[in-house]
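Fold and contact review
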Protein chains: 2
Amino acid sequence: MITDSIKQEFIAIVTEKRYLDRQEELTCYAYDAFLVEAMPHAVIFPETTDEVSQILKVASSHNIPVTARGAGTSVCGAPVPILHGIVVCFSKMDKIIEVNTRDRYVIVQPGVINADVQKALQPFGFFYPPDPGSINTSTIGGNIAQNAGGPRCLKYGVTMDYILGMEAVLADGKIVQFGSRNVKDVTGYKMAALFCGSEGTLGLVTQAILKVVPLPETTKTLMVNFNDLDDTANAVSDIIGSGILPAAMELMDKFTLNAIEDSAGLGLDREAAGSLLIEIDGTAEACEKEMGRIVERLKANNAARIQEATSQAEQAQIWTARRSAYGVFARLAPNLISEDVTVPVSQVPEMIRRIVKIAKNHGLKVGVLAHAGDGNMHPMIPADKGNKEEWARVEQAFDEIFEAAADLGGTLSGEHGIGLAKVKYLPLVMNQDSINLMTRIKQAIDPQGILNPGKFV
Amino acid sequence: MITDSIKQEFIAIVTEKRYLDRQEELTCYAYDAFLVEAMPHAVIFPETTDEVSQILKVASSHNIPVTARGAGTSVCGAPVPILHGIVVCFSKMDKIIEVNTRDRYVIVQPGVINADVQKALQPFGFFYPPDPGSINTSTIGGNIAQNAGGPRCLKYGVTMDYILGMEAVLADGKIVQFGSRNVKDVTGYKMAALFCGSEGTLGLVTQAILKVVPLPETTKTLMVNFNDLDDTANAVSDIIGSGILPAAMELMDKFTLNAIEDSAGLGLDREAAGSLLIEIDGTAEACEKEMGRIVERLKANNAARIQEATSQAEQAQIWTARRSAYGVFARLAPNLISEDVTVPVSQVPEMIRRIVKIAKNHGLKVGVLAHAGDGNMHPMIPADKGNKEEWARVEQAFDEIFEAAADLGGTLSGEHGIGLAKVKYLPLVMNQDSINLMTRIKQAIDPQGILNPGKFV
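Residues numbered from 1 in each chain as written. Chains lettered and ligands numbered in written order. Predicted model: local features only at pLDDT ≥ 70, side-chain atom pairs only at ≥ 80, totals over all residues. Heavy atoms only, no water.

- For chain A, the name recorded in an unreviewed UniProt entry is GlcD1, with Desulforapulum autotrophicum as its organism.
- According to the UniProt record, the Sequence similarities (unreviewed entry) comment for chain A reads "Belongs to the FAD-binding oxidoreductase/transferase type 4 family."
- One UniProt comment on chain A, placed under Cofactor (unreviewed entry), says "FAD". (UniProt positions renumbered as here; feature names shortened; annotations may be inferred.)

Written as structure tokens, this is what we have:
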């Protein structure tokens with residue numbers, strides 16, 4: 001509970017304008033894109049690191065749960081304040097502090113939107129590789145909290161690979177800094193890496209130094225259709241196994257293609273059993289050669305139609321189709337469960353067969369969408385949480401999907417994180433001593449347990 | 001102290017043959033390539049994870065310090081058992097357990113030598129990018145403990161970027177696993193990243209899953225001489241600032257070139273004020289184009305001579321020269337201090353000027369050797385630790401070098417780690433709350449403080 005006197009302590013830090021506690025205002029901060037909702041008692045909008053520090057001092061002195069929030073696009077429940085308390089929303093700390101392409105970094109506040117970082121870099125011929133599906137809305141702070149991925153992470157790596165340094169505020173209000181502007185830095189523990197993906201359970205990131213890289217000279221985009229989903233998956237495994245590394249290789253099954261086509265009418269082939277969106281980048285000459293090798297592997301795996309985008313507009317259209325998938329699925333039923341299992345890439349064909357079979361066994365529709373080149377699959381099941389019988393089947397299906405992933409040497413999440421969605425599956429991929437070790441670290445850094453409580457640690 | 005009864009407990013685990021405690025045997029495990037020596041009370045050679053677990057159970061039950069050791073090539077004192085106790089030497093856990101280039105990983109024991117991993121991968125057309133100067137002798141376990149770098153880490157990243165997963169044994173003997181075979185995995189805290197670079201203070205790594213990448217189609221190697229050291233450094237900063245990313249860009253100053261030439265007689269230009277070894281890789285066509293852009297920047301920065309290796313033998317010879325530098329310097333005086341400051345690459349010219357000036361002010365010789373493309377510099381000062389007056393000047397010079405690096409936005413280590421060498425400099429780049437946070441983590445994971453005690457946490 002936040003008493004009136006505690007409320008006044010918070011208001012003294014951020015003024016009344018940046019402190020919300022009316023029910024109708026709080027509702028907007030009670031959920032993310034997962035299925036669980038929980039109301040905060042208040043939402044606070046800091047503008048500076050020092051304010052964040054003061055907020056946490058007040059919160060810790062009264063044992064109030066603190067959940068950080070960026071844009072709320074998480075799909076695992078990570079920013080849902082399941083034990084209430086306050087939500088610290090970073091939407092007012094959204095500045096790009098420094099762009100330094102000479103030394104290949106940018107310094108940003110956590111509330112800056114990923115796409116805005118890209119826009120700031122483009123005139124310099126640079127980009128920030130992590131490109132989650134939510135690129136146009138999600139914040140860098142949220143991306144760091146979840147260690148976000150995205151299609152081009154196949155070639156370029158995920159968020160953690162781009163965090164050179166950070167400033168964070170601990171539960172007791174202390175301000176810490178890790179890493180530096182230097183691309184190589186082995187000074188002490190890799191705390192920035194530990195905080196990346198920690199889902200707000202260790203501290204609140206208030207500034208980040210991101211590594212950036214030169215834009216490739218050329219980008220080529222292919223849409224490839226197959227008459228067989230197995231062939232589609234085999235082509236992925238074959239391309240990667242041949243030592244080719246495209247920038248992105250996205251798989252969509254028939255259900256997904258049709259859902260997108262129903263909504264967007266882009267002329268996608270409704271009859272294709274599977275389709276691959278392949279992007280390669282580099283010098284024009286390197287792309288030419290790589291494209292030749294890829295086409296050879298595609299033909300060897302019975303590709304029915306290979307179509308190269310002939311303009312930037314066509315490339316953009318293909319990506320718009322791919323990126324619309326989540327929204328399209330979300331409209332098919334009252335609820336959408338978008339999961340995120342990952343398997344070694346040679347196991348992609350088998351994992352897809354198992355996902356399809358599991359859904360069928362439980363009488364459920366499933367769309368398979370995958371960053372297939374790195375084995376990261378998003379089985380999407382539209383369903384109605386209000387229909388208890390159906391929902392029980394959905395839950396059973398996902399239990400089996402995670403068991404299958406673990407069985408194939410895979411893991412629970414490639415980029416969405418654990419949040420509230422997958423705590424129960426942790427023992428599938430970690431022994432109890434490993435889980436306990438995370439808890440010991442959590443307790444050492446946040447002994448009162450006020451930071452995003454009720455989550456995976 | 002290890003009593004006879006404790007000794008018998010250890011011997012019961014590993015047999016007498018793998019337990020050393022005679023003084024003349026222990027001497028070999030009392031040092032690394034840094035300047036401090038300390039004798040262990042015993043050295044133990046486990047062959048399995050289970051044995052490591054049992055050893056740690058015995059050690060923790062008697063509060064005996066435990067220091068892990070690979071090949072002892074560390075240059076910061078990390079594996080020196082400064083508080084004695086036992087050294088756990090991993091030389092008998094040196095197996096490559098699985099090579100899987102289809103899924104792009106290898107699984108190894110910690111005692112395997114880095115070069116042996118490369119040899120195992122080469123027939124498949126793959127490699128493991130981190131290539132420390134000690135590549136032919138250092139172990140993967142040691143590379144992980146120190147988060148080792150190397151020349152080609154400019155393009156490919158350091159050890160941490162290639163650790164997909166690991167198995168480790170904690171101080172109390174518990175066996176934990178982090179990460180997986182999957183290139184994308186955000187399941188829980190990034191514990192493998194935390195352990196990487198932790199210098200044996202958190203646990204003993206007993207198995208690692210390493211990411212591997214396809215060998216580039218083509219590699220081109222340039223030796224470039226300059227008449228001015230400033231020009232040499234400016235060329236580096238200019239190339240990187242132009243958005244070009246070579247695989248490696250190594251800088252050597254006149255002192256270094258002459259020291260190598262004295263020893264190896266390779267026909268290096270003794271008159272050059274500075275020299276760059278630049279390597280690029282990729283498709284033949286991409287290399288051609290990149291080479292053109294690099295040569296343009298080199299000429300704009302007054303390169304005096306640009307020479308491309310015309311055969312693999314010539315490439316190998318150039319790298320042999322570069323790799324010999326450490327050994328060559330080590331023969332110039334009774335002691336060699338090889339340091340490891342890193343600055344943002346735009347600051348490389350200024351940092352080199354400061355290093356040269358500081359050494360001159362203190363009447364010391366200095367060789368500047370740098371993985372210059374990522375701002376990682378190794379100032380090498382040959383001196384005699386027995387000469388107290390000279391040694392005081394050496395220490396003063398390094399104090400000033402680290403202050404200069406911090407002043408330029410740099411950091412204490414790019415790849416060597418902190419060990420015993422740089423603990424006192426930590427406050428230059430981290431506030432006390434950040435240092436305390438590392439200590440809290442150490443205490444949470446190793447509450448008795450038996451793992452590599454006396455180091456940076």
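**Observations regarding the overall build of chain A**
- Scanning chain A from terminus to terminus reveals 15 helices and 19 strands.
- Expected size for 457 residues packed as a compact globule is a radius of gyration near 23 Å; at 22 Å, chain A falls within 12% of this value.
- The C-alpha extent of chain A, read off along each of the three principal axes, is 70 × 60 × 45 Å.
- Residue burial in chain A is summarised as follows: out of 457 residues, 63% are buried.
- A separation threshold of at least 6 residues defines the contact pool for chain A, and within that pool the share at least 24 residues apart is 71%.
- Entry remark: accessible area of chain A is about 15900 Å², with carbon and sulfur atoms responsible for 49%. (Helix = DSSP H or I, 4+ residues; strand = E, 2+ residues; numbered from the N terminus. Rg over C-alpha atoms; globule rule 2.2 N^0.38 Å. Buried < 20%, exposed > 50% of the residue type's maximum accessible area, 1.4 Å probe, protein only. Contact = heavy atoms within 4.5 Å. Areas by Shrake-Rupley, 256 points an atom, 1.4 Å probe, with all protein chains shown as cover.)

**Considerations on the sheet that holds strand 9 (residues 175-179) of chain B**
Residues and elements named next belong to chain B.
- One open sheet accounts for 5 strands, arranged 5-6-10-8-9; its pairing is antiparallel. Because the sheet does not close on itself, it has two edges, and the strands there are strand 5 (96-100) and strand 9. Direction aside, neighbouring strands of the sheet carry axes that sit 10° apart on average.
- Alignment of strand 5 against strand 6 (residues 105-108), held across 4 bridges, turns out to be antiparallel. By the bridge assignment for strand 6, I96 is matched with V108.
- Against the sheet, helix 4 (residues 114-121) touches strand 5 and strand 6, its axis set at about 40° to strand 5. (Pairing = 2+ DSSP bridges. Axes fitted to C-alpha atoms, helices over the stretch in contact; angles between N-to-C directions.)

**Structural notes on the interface of chain B and chain A**
- Each partner contributes residues to the interface: chain B has 86 residues there, and chain A has 86 residues.
- Across the interface of chain B and chain A, roughly 6600 Å² is buried in total on both sides, 58% from carbon and sulfur atoms.
- The largest per-residue losses of area from chain B upon contact with chain A belong to K184, V186 and Y189 of chain B, which jointly make up 15% of the total buried on that side.
- In this assembly, chain B and chain A are joined by 8 salt bridges.
- The salt bridge involving K289 of chain A is made with E285 of chain B; its shortest N-O contact spans 3.1 Å.
- Where chain B meets chain A, there are 42 residue pairs in polar contact (both at pLDDT 80 or more).
- Those elements giving two or more residues to the side of chain B that touches chain A turn out to be strand 9, helix 7 (191-195), helix 8 (229-241), helix 10 (284-300), helix 14 (426-429) and helix 15 (432-445) of chain B.
- The dominant element in the side of chain B that touches chain A, judged by the number of residues it contributes, is helix 15 of chain B, at 9 residues. (Buried area = accessible area lost by both parts, 1.4 Å probe. Salt bridge = Lys/Arg side-chain N within 4 Å of Asp/Glu carboxyl O. Polar contact = N/O pair within 3.5 Å; in protein donor to acceptor, adjacent residues only side chain to side chain.)

**Observations concerning the packing of aromatic side chains**
- Evaluation of the coordinates by the stated rule reveals 16 aromatic pairs over all chains.
- Ring geometry for Y29 of chain A against F45 of chain A: centres 5.9 Å apart, planes inclined by 80°, an arrangement best described as edge-to-face. With Y29 of chain A in the loop between helix 2 (23-26) and strand 2 (42-44) and F45 of chain A in the loop between strand 2 and helix 3 (49-61), the pair connects residues that are 16 residues apart, well separated along the chain. There is no split in this pair, since Y29 of chain A and F45 of chain A are both buried.
- Between F10 of chain B and Y19 of chain B, the aromatic rings sit 6.2 Å apart at their centres with planes inclined by 25°, giving stacked as the arrangement. (Phe/Tyr/Trp six-rings, centres within 6.5 Å; stacked < 30°, edge-to-face > 60°.)

**Topic: the pairing of strand 12 (residues 218-226) of chain B**
Residues and elements named next belong to chain B.
- Across the 9 residues that make up strand 12, a large majority, 8, are buried.
- Looking at chain direction, strand 12 and strand 14 (residues 274-282) are connected through 9 bridges and run antiparallel. Across the sheet, residue T221 finds its bridge partner in strand 14, namely E279.
- Bridge count between strand 12 and strand 15 (residues 303-308): 5 bridges; the pairing is antiparallel. Looking at strand 15, one finds that L222 is bridged to E308.

**Examining helix 8 (residues 229-241) of chain A**
All names here are of chain A.
- Across its 13 residues, helix 8 extends 18 Å between first and last C-alpha, which sits within 8% of the 18 Å expected from 1.5 Å per residue.
- Where burial is concerned, most of helix 8 is hidden: 10 out of the 13 residues are buried.
- Where the residues of helix 8 are buried, they touch helix 6 (153-156), strand 12 (218-226), strand 13 (248-253), strand 14 (274-282), helix 10 (284-300) and helix 12 (348-361).
- Capping the start of helix 8 is the job of one residue whose side-chain oxygen sits 2.8 Å from the backbone nitrogen of D230: D228.
- Backbone geometry just after helix 8 places G243 at a positive phi near 85°. (Expected span 1.5 Å × (residues − 1).)

**Notes on the sheet that holds strand 1 (residues 19-20) of chain A**
Residue and element names in this part refer to chain A.
- What the 4 strands build is an open sheet, ordered 1-2-4-3; its pairing is mixed. On the outer flanks of this sheet lie strand 1 and strand 3 (66-69), each paired with one strand and no other.
- Judged from the 3 bridges that link them, strand 2 and strand 4 (residues 86-89) form a sheet pairing that is parallel. Paired with I44 across the strands is V88, a residue of strand 4.
- Strands strand 2, strand 3 and strand 4 of the sheet are contacted by helix 3, whose axis makes an angle of about 170° with strand 4.

**Some points on the environment of P334 of chain B**
All names here are of chain B.
- The topology assignment puts P334 in the loop between helix 11 (312-330) and strand 16 (335-338).
- Its relative accessible area of 61% is what places P334 among the exposed residues.
- Remark: the alpha-carbon pair of P334 and G267, spanning 67 residues in sequence, is separated by 27 Å.
- Once residues within four sequence positions are removed from consideration, P334 is found in contact with A383 and D384.

**Describing the relation of the copies chain B and chain A**
- Between the two copies, chain B and chain A, the superposition gives an RMSD of 0.0 Å; the rotation angle is 180° and the shift along the axis is 0.0 Å. What the rotation and shift describe, once combined, is the action of a two-fold rotation axis.
- A high fraction, 100%, of the interface residues of chain B reappear at the interface in chain A, so the copies pair face to face through one surface. (Least-squares fit on C-alpha atoms with pLDDT ≥ 70 in both.)

**Points about the confidence of the model for chain A**
- Mean pLDDT over chain A works out to 95, with 100% of the residues at or above the 70 mark.
- The ipTM for the predicted assembly is 0.95, set against a pTM of 0.96. (pLDDT = per-residue confidence, 0-100.)

**Concerning the packing of helix 12 of chain A against helix 13 (residues 388-407) of chain A**
Residue and element names in this part refer to chain A.
- Close contact between helix 12 and helix 13 brings their axes to 10 Å; oriented N to C, the two are set at 160°. Comparing the axis directions of helix 12 and helix 13 gives the class roughly antiparallel. For the pair helix 12 and helix 13, the sense of crossing is right-handed. In this structure, helix 12 uses M351, R354, I355 and I358 to contact helix 13, whose residues at the interface are A397, E400, I401, A404, A405 and D407.
- When grouped by side-chain class, the residues that make up the contact of helix 12 with helix 13 number 7 nonpolar, no polar and 3 charged. (Parallel < 35°, antiparallel > 145°, perpendicular 65-115°, else oblique. Left-handed = near helix turned anticlockwise from the far one by under 90°. Nonpolar A, V, L, I, M, F, W, Y, C, P; charged D, E, K, R; others polar.)

**Quick look at the side chain of S138 of chain A**
Residues and elements named next belong to chain A.
- Looking at the secondary structure, you find S138 in the loop between strand 7 (126-127) and helix 5 (140-146).
- Among the residues examined, S138 registers a relative accessible area of 3% and is labelled buried.
- Here S138 is in contact with A71, T73, V112, I113, N114, P132 and N143, once residues within four sequence places are set aside.

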